[in-house]
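# Examining the three-dimensional arrangement
Now for the letters of each chain:
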Amino acid sequence: EAGVAQSPRYKIIEKRQSVAFWCNPISGHATLYWYQQILGQGPKLLIQFQNNGVVDDSQLPKDRFSAERLKGVDSTLKIQPAKLEDSAVYLCASSTFSRQGRGYTFGSGTRLTVV
Amino acid sequence: GDSVTQMEGPVTLSEEAFLTINCTYTATGYPSLFWYVQYPGEGLQLLLKATKADDKGSNKGFEATYRKETTSFHLEKGSVQVSDSAVYFCARTQGGSEKLVFGKGTKLTVNP
C-alpha cells in the first residue's frame, strides 16, 4: 500500500512569511496527525483529526498555526507568520485500528528552516 | 501528564556489541508501547510494539518487553551492526484518542 505522502520535502522561508504543508494519508485511515519535531527532540503532537473533525489541538499555537482536513482525506498545515523557533521537521501520520491494535504510519516529513 | 523517559544519548558501540536503550513510562491507563527508528534524513519507522503487559515485541533482532511492574519497555539487541546507526524513539499511546507521545530519542552510532 502507498505510504503517507507529504510535500514539500524542504522549505526555507524568512521570518514573518507564511508557509503551508500538505499531507495525503493512507487510504481509509480515518485518523490523521501533525507532529512537530525540533532538532534533537522527539516529535510533539500539534493536532489530531478524526475524519474531518479536530480531536486534539491543545498544543497547536493557534495564533499562528492552523490546520484543516477537508473531506476527511488530505490535510494542510499552515504557519502565518513564521518565527525562527518554528524551524523543525513537520511530520504527518495516519492511523487505523485492526486486530493487532492501532497502527500508525508516518510520512517522510517537511523540513522547515526559518531564517 | 503522561510521559515517556528515555536514556540520554548519544550511545556509541562497536559492531557486534550488546545494545540496551532504557525507556520508562508514566503508569496511567493501559497504553500500547512502541519503538520507532529514524535513519538519517528519513521519517519515523515502526520497529516494534507491544499492546499489553508481558507482551514482547521483536523485529530485525531487536526486542522489548512490556513490564507493567517496572513501567518499562527497554530496547535490546544482542549484536548490533553498523546499519543500526540511527535515532531510536520510545513512544506510548495516551488517552482515549490514542495519540502517540514520544520520548526525546536516543542516537546510536555503531562503529566497524
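Before going into details, it helps to say that this report is about the structure given with it. Owing to the predicted nature of the structure, the values given are computational and were not obtained by experimental measurement.

Check the secondary structure of chain A and you find zero helices and 11 strands. A compact globule built from 115 residues would reach a C-alpha radius of gyration of about 13 Å, and chain A, at 14 Å, matches this within 12%. Taken over the C-alpha atoms alone, chain A extends approximately 45 × 25 × 20 Å along its principal axes. Evaluated residue by residue, chain A yields a buried proportion of 44% over its 115 residues. Within chain A, contacts between residues at least 6 apart in sequence are counted, and of these 52% link residues at least 24 apart. Only carbon and sulfur atoms are counted for the fraction: they give 49% of the accessible area of chain A, which is about 5,900 Å². Counting 14 positive and 9 negative side-chain charges, chain A places the centres of these two groups 2 Å from one another.

Should their charged atoms come close, side chains of opposite charge can pair. Residue and element names in this part refer to chain B. Inspection of every chain in the model, using the stated rule, returns six salt bridges over all chains. Between Lys-52 and Asp-55 there is a salt bridge, and its shortest N-O distance comes to 3.4 Å. Assessed through its relative accessible area of 51%, Lys-52 is described here as exposed.

For the rest of this paragraph, the subject is the sheet that holds strand β1 (residues 5–7) of chain A. All names here are of chain A. Read across the sheet, four strands follow the order β1-β3-β8-β7 without closing on themselves; strand pairing throughout is antiparallel. Of all strands in the sheet, those bounded by a partner on one side alone are β1 and β7 (65–68). Neighbour-to-neighbour, the strand axes of this sheet turn through a mean angle of 15°, independent of strand direction. Relative to strand β3 (residues 19–24), β1 runs antiparallel, the two sharing three bridges. For Ser-7, the partnering residue across the bridge sits in β3 and is Trp-22.

Bringing the pairing of strand β8 (residues 75–79) of chain A into the picture now. Residue and element names in this part refer to chain A. Of the two faces of β8, only one is covered, namely that formed by Ser-75, Leu-77 and Ile-79; the face formed by Thr-76 and Lys-78 stays uncovered. In this sheet, β8 lies alongside β3 in antiparallel orientation, the contact comprising five bridges. Of the residues in β8, the one forming a bridge with Ala-20 is Lys-78. Examined bridge by bridge, β7 and β8 share four bridges and lie antiparallel to one another. What sits directly across from Ala-67, in β8, is Leu-77. Connecting β7 to the antiparallel partner β8 that follows it, the hairpin turn spans six residues, and Lys-71 within it adopts a positive phi of roughly 65°.

Basis of the calculations
Residues numbered from 1 in each chain as written. Chains lettered and ligands numbered in written order. Predicted model: local features only at pLDDT ≥ 70, side-chain atom pairs only at ≥ 80, totals over all residues. Heavy atoms only, no water. Helix = DSSP H or I, 4+ residues; strand = E, 2+ residues; numbered from the N terminus. Rg over C-alpha atoms; globule rule 2.2 N^0.38 Å. Buried < 20%, exposed > 50% of the residue type's maximum accessible area, 1.4 Å probe, protein only. Contact = heavy atoms within 4.5 Å. Areas by Shrake-Rupley, 256 points an atom, 1.4 Å probe, with all protein chains shown as cover. Lys, Arg positive; Asp, Glu negative; His and termini not counted. Charge placed at Lys NZ, Arg CZ, Asp CG, Glu CD. Salt bridge = Lys/Arg side-chain N within 4 Å of Asp/Glu carboxyl O. Pairing = 2+ DSSP bridges. Axes fitted to C-alpha atoms, helices over the stretch in contact; angles between N-to-C directions.

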